[in-house]
Amino acid sequence: MKIHNILIINIIPLFFFVFNICVIAQSEDDICLIETREYPGKDFYMWDGLYAAKNGEVYTGLITEGVSANFYVYSPSRDANILLYDLADFLDERGKGIRTSGKIHNKPVEDDKGNIYFVPLNNGSGPRSIDYTSWKGGHWMKYCPKTGDLENLGLVDNGIGCYPLTIDTKREYLYGVGFTGYFYRFDINKRITKNFGRVANWDICRDIFCDDQGNVYGCFPVGRMWKYDVRQEKIIDLSLQLPYDPTIYPTQLINPMIDRTCDWRAIEWDPLEKVAYGVTCGSGSILFRYDPHEGPEGKITALERMCDSKFLESGRKDIPYSTLAFALDSNNKKIYFVPSAREYAVNEYVETYGNEQLHHLIMYDIKAEKRIDLGILQTGDGRKVFGCEAASVDPDGTLYICGQVEVSNPERATSFIGEIPVSLQLIIYHPN
């Protein structure tokens, strides 16, 4: 289905939108063939920490909560994932009886010189016997692919690491939102961090973006947007409303007060079209376009529901919240998304990982304005994919995804889904 040029005003519920059926869905038996590459470690989880760089290499931040985050690179020329740095070791946190940097929860960003930046965090992970305030805090990290050196540029804030991260390459600023909802700017050259105050309480959006003028945007409940105006150096709450359906169940019925259904889950800036494309966290994973240059605050247009095809049936409310496996191919005008296929849980909190349902790759053709279900993610030797939480497209249009993949050797597994051994792997999709 397609929603044509709808300006979202205030809190108009999604069920008032006019739908026009134009979904291309493949059958349940259609297979989307992929390749996979294992990581050398045995990390358990990851969220959003995947970036395909301009040099063709792919950087991944994987997570073992309470132990360390590991930073990897996949080099197509060597066709292997290589461990670059163990963050707890690099930051000299290991073996000191303190909480460690156990997460990289942001998509790394790149400057005009090819340097890669990210910020680790702890988010309270680690043994309860160790004081959670013992963690020093997240650091602005810079990796230079030319030398292979990782550099600690300085502390974000005491005990605070960042969820989302973005970069203004022209002014050479990094921007991030900390675990407690404060908005930070880091001057890469002067190495100065400035705190602009709180932009969110719960829940903090997991992605922010910087437009072509240097302004930064994020979201906060209920489906609202904030803007950092670079000229005024000021945070402004916009009156725009993200598309969402308030009748769809909260992401956690066990605790509906902690609900991210109304906010965006992932968003990316298109430098060619000079608009942003994002997907809402709930309400059927609504794909939308935001043009910051149209009107006084910009314009939001709802485009398509990107949830798993089985949830497209009219009237279903048990739609799982969106994953972070969202990627924009601006050159080829395509958007990729791996939605969660898990069944809705009423009495427990469930993540994408550990789900026995088969997962599909969904593509939205921007030119044709069509959603296409590319089929079940599966390797040539029949191994299945069971949940993804990051995606990125490299300059030649190859799609990289990170998710749980069935392994042939159970000794390489980090967990089991039923009786199927799985591990986090880099998934490679070459568009036809």
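Residues numbered from 1 in each chain as written. Predicted model: local features only at pLDDT ≥ 70, side-chain atom pairs only at ≥ 80, totals over all residues. Heavy atoms only, no water.

1. Considerations on the sheet that holds strand S19 (residues 264–270)
The sheet built from four strands is open, its strands ordered S19-S20-S21-S22 with antiparallel pairing. Among the strands making up the open sheet, the edge pair consists of S19 and strand S22 (299–305). Geometrically, the sheet is characterised by an average inter-axis angle of 20° between neighbouring strands, direction not taken into account. Alignment of strand S21 (residues 286–291) against S22, held across six bridges, turns out to be antiparallel. Bridged to Phe288 within S22 is Ala302. (Pairing = 2+ DSSP bridges. Helix = DSSP H or I, 4+ residues; strand = E, 2+ residues; numbered from the N terminus. Axes fitted to C-alpha atoms, helices over the stretch in contact; angles between N-to-C directions.)

2. Quick word on the state of the cysteines
Overall, the coordinates contain zero disulfides when judged by the stated rule. The structure places no disulfide on Cys162, whose sulfur is separated from the nearest cysteine sulfur, that of Cys205, by 11 Å. (Disulfide = S-S within 2.5 Å.)

3. So, the pattern of salt bridges
Overall, the coordinates contain 20 salt bridges when judged by the stated rule. The shortest N-O distance in the salt bridge between Arg37 and Glu35 comes to 3.0 Å. For Glu35, a relative accessible area of 33% gives the class partly exposed. Of the charged contacts in the structure, one is a salt bridge between Arg37 and Asp79, with a shortest N-O distance of 2.6 Å. A residue pair is termed long-range when its members are at least 10 positions apart, and Arg37 in strand S2 (residues 31–38) and Asp79 in the loop between strand S5 (68–75) and strand S6 (80–86) qualify at 42 residues. The class of Asp79 is partly exposed, set by a relative accessible area of 38%. Look at the salt bridges and you will find they share partners, linking Glu35, Arg37 and Asp79 into a network. (Salt bridge = Lys/Arg side-chain N within 4 Å of Asp/Glu carboxyl O. Buried < 20%, exposed > 50% of the residue type's maximum accessible area, 1.4 Å probe, protein only.)

4. Structural notes on the sheet that holds S5
Ordered by their spatial adjacency, four strands build an open sheet running S3-S4-S5-S6, and the pairing between neighbours is antiparallel. The outermost strands of the open sheet, each flanked by one partner alone, are strand S3 (50–52) and S6. Averaged over neighbouring strand pairs, the angle between their axes works out to 25° when direction is ignored. Relative to strand S4 (residues 58–64), S3 runs antiparallel, the two being bridged by three bridges. By the bridge assignment for S4, Tyr51 is matched with Tyr59.

5. Side note on the packing of aromatic side chains
Remark: the centre distance and the inter-plane angle together describe each pair of aromatic rings, the angle taken between the planes. Scanning the model with the defined rule gives 29 aromatic pairs in all. Look at Tyr85 and Phe90: their rings are 5.5 Å apart centre to centre, the planes differ by 75°, and that puts the pair in the edge-to-face class. With relative accessibility at 19%, the residue Tyr85 sits in the buried group. What makes Phe90 partly exposed here is its relative accessible area of 30%. Cluster of aromatic residues (ring-pair linked, three or more members): Tyr59, Phe71, Tyr85, Phe90, Phe118 and Tyr143. Taking the ring centre of Tyr173 as reference, the NZ or CZ of Arg185 above it sits at 4.5 Å. The cationic tip of Arg206 hangs over the ring face of Tyr163; the distance from NZ or CZ to the ring centre is 3.9 Å. (Phe/Tyr/Trp six-rings, centres within 6.5 Å; stacked < 30°, edge-to-face > 60°. Lys NZ or Arg CZ within 6 Å of the ring centre and 35° of its normal.)

6. A closer look at the nonpolar core
Counting residues in each nonpolar core, the largest one holds 33 residues, and the members touching the most others are Phe183, Met225, Trp226, Trp264 and Tyr290. Per-element accounting of this core gives the leading share, four residues, to strand S16 (residues 216–220). In contact with Met225, other than residues within four places in its own chain, are Tyr217, Gly218, Cys219, Phe220, Ile236, Asp237, Leu238, Leu240, Leu242, Trp264, Tyr290 and Ile300. One finds Ala52, Leu324, Phe326 and Ile335 within the second-largest nonpolar core, a separate group that totals 32 residues. (Core = buried A, V, L, I, M, F, W, Y, C linked by side-chain atoms within 4.5 Å. Contact = heavy atoms within 4.5 Å.)

Functional significance is not addressed by these values, which are geometric in nature.
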